[in-house]
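Chain by chain, the residues run as shown.
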Amino acid sequence: MAKLSVEFCGLSFSNPVMPAAGPPVKDGAMCQAAALGGAGGLVTKTISVQPAEVPRPCMAEIKGGFLNTELWSELPKEQWIEKEYQMAKDTGLPVIIGLGYTAEQIGQLAKLVKPYADGLELSTHYVGKDITPIVDALKAAKAAVDVPVFVKLSPHTNIQEIAVALEAAGADGLVMINSFGPAWELTWRPVSP
Ligand SMILES: Cc1cc2nc3c(=O)[nH]c(=O)nc-3n(C[C@H](O)[C@H](O)[C@H](O)COP(=O)(O)O)c2cc1C
């Protein structure tokens, strides 16, 4: 039988397949479903200091593609801390907690999620492409936790420059990559349920 287990940054994954931050990990129950489905680890949906307000519908099929206008989690951070993260932890899988966005927000959130985090994934999606705020967010996370901190990059044209700066600033890994966009203005039709 093939051995698919992976050791990465001190974390042990039973296999190298994980759901990306998004609807498949939007709460504890979905994390448990992903575990039942065989995920080797969990990355939870990005949270921020305030829940996101997402217009509906927020996903659409287009010719040859798919658009989404989903933001970060619509659940308040308190709900994640009181219930959802524990449900994810109960799976026994490594739990990498998705956080956004500014250094100040990350510093605040990282302390709150610390009891549940085997790692952090910082989303840079709404931070912009300037390097300083992205690196500052990493530094805020590294100062708050002892677990590995991964930074998820967005498809900016200076992605190489951002990656090099993050490596120099001590990122434990880079996650590639977030959705292309925004694409608010395009014509769309809702995906059938
Ligand atoms: C509906 C939807 C919601 C998403 N939500 C998040 C999120 O909360 N945080 C994040 O970092 N990425 C989010 N993403 C981006 C995905 O994690 C992933 O990076 C992106 O879909 C590109 O991977 P793919 O080419 O496999 O789809 C979302 C994507 C979709 C389609």
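Student: Just to check I follow, could you spell out the overall build of the chain for this structure?
Tutor: From N to C terminus, the chain includes five helices and ten strands. For the chain, the C-alpha radius of gyration of 17 Å lies close to 16 Å, the compact-globule estimate for 193 residues. With the C-alpha coordinates of the chain rotated into their principal frame, the extents come out at 45 × 40 × 40 Å. By residue count, 43% of the 193 residues in the chain fall in the buried class. Entry remark: accessible area of the chain is about 10400 Å², with carbon and sulfur atoms responsible for 57%. Of note, the chain has its 15 positive side-chain charges centred 3 Å away from the centre of its 20 negative side-chain charges.

Student: Help me understand unusual backbone geometry in this model?
Tutor: The general pattern is negative phi for most residues beyond glycine and trans for most peptide bonds. Each neighbour pair has its own omega, and for Arg-56 with Pro-57 the value is -5 degrees, a cis peptide bond. Between Gly-100 and the following residue, Tyr-101, the backbone shows a cis peptide bond with an omega angle of 10 degrees. Backbone geometry places Cys-9, a non-glycine residue, at a positive phi of 55 degrees. Among the secondary structure elements, Cys-9 is positioned in the loop between strand S1 (6–8) and strand S2 (11–13). Judged by its relative accessible area of 34%, Cys-9 falls in the partly exposed class.

Student: Help me understand the sheet that holds strand S9 (residues 173–175), please; the structure alone is not making it clear to me.
Tutor: By way of backbone hydrogen bonds, the strands of a sheet pair with one another, either parallel or antiparallel. With respect to topology, five strands assemble into an open sheet ordered S3-S6-S7-S8-S9, the strand pairing being parallel. The open sheet has two edge strands, strand S3 (42–43) and S9, and neither has a second partner.

Student: Explanation requested: the pairing of strand S8 (residues 149–152) in the structure shown.
Tutor: With burial as the criterion, each face of S8 is covered, one bearing Val-149 and Val-151 and the other bearing Phe-150 and Lys-152. Crossover handedness for the path strand S7 (residues 119–123) to helix H4 (residues 131–144) to S8: right-handed. Both S8 and S9 contribute to a ladder of three bridges, which runs parallel. For Phe-150, the partnering residue across the bridge sits in S9 and is Gly-173. Read as a crossover between parallel neighbours, the route from S8 over helix H5 (residues 159–168) to S9 is right-handed.

Student: Explain the pairing of strand S6 (residues 95–99) here, please?
Tutor: Residues in a regular strand point their side chains to alternate faces of the sheet. Among the five residues that make up S6, five are buried, leaving the element largely enclosed by the rest of the structure. Side chains of S6 alternate between two faces, with Val-95, Ile-97 and Leu-99 and Ile-96 and Gly-98 buried alike. Of the pairings in the sheet, the one linking S3 to S6 comprises two bridges and is parallel in character. When the sheet's bridge partners are listed, Val-43 is paired in S6 with Ile-96. As paired strands, S6 and S7 are joined by four bridges and run parallel to one another. From the neighbouring strand, Ile-97 faces S7, where its bridge partner is Leu-120. Regarding the hand of the β-α-β motif, the stretch spanning S6, helix H3 (residues 103–113) and S7 is right-handed.

The rules behind the values
Residues numbered from 1 in each chain as written. Predicted model: local features only at pLDDT ≥ 70, side-chain atom pairs only at ≥ 80, totals over all residues. Heavy atoms only, no water. Helix = DSSP H or I, 4+ residues; strand = E, 2+ residues; numbered from the N terminus. Rg over C-alpha atoms; globule rule 2.2 N^0.38 Å. Buried < 20%, exposed > 50% of the residue type's maximum accessible area, 1.4 Å probe, protein only. Areas by Shrake-Rupley, 256 points an atom, 1.4 Å probe, with all protein chains shown as cover. Lys, Arg positive; Asp, Glu negative; His and termini not counted. Charge placed at Lys NZ, Arg CZ, Asp CG, Glu CD. Pairing = 2+ DSSP bridges. Right-handed = clockwise from strand over helix to strand, strands pointing away.

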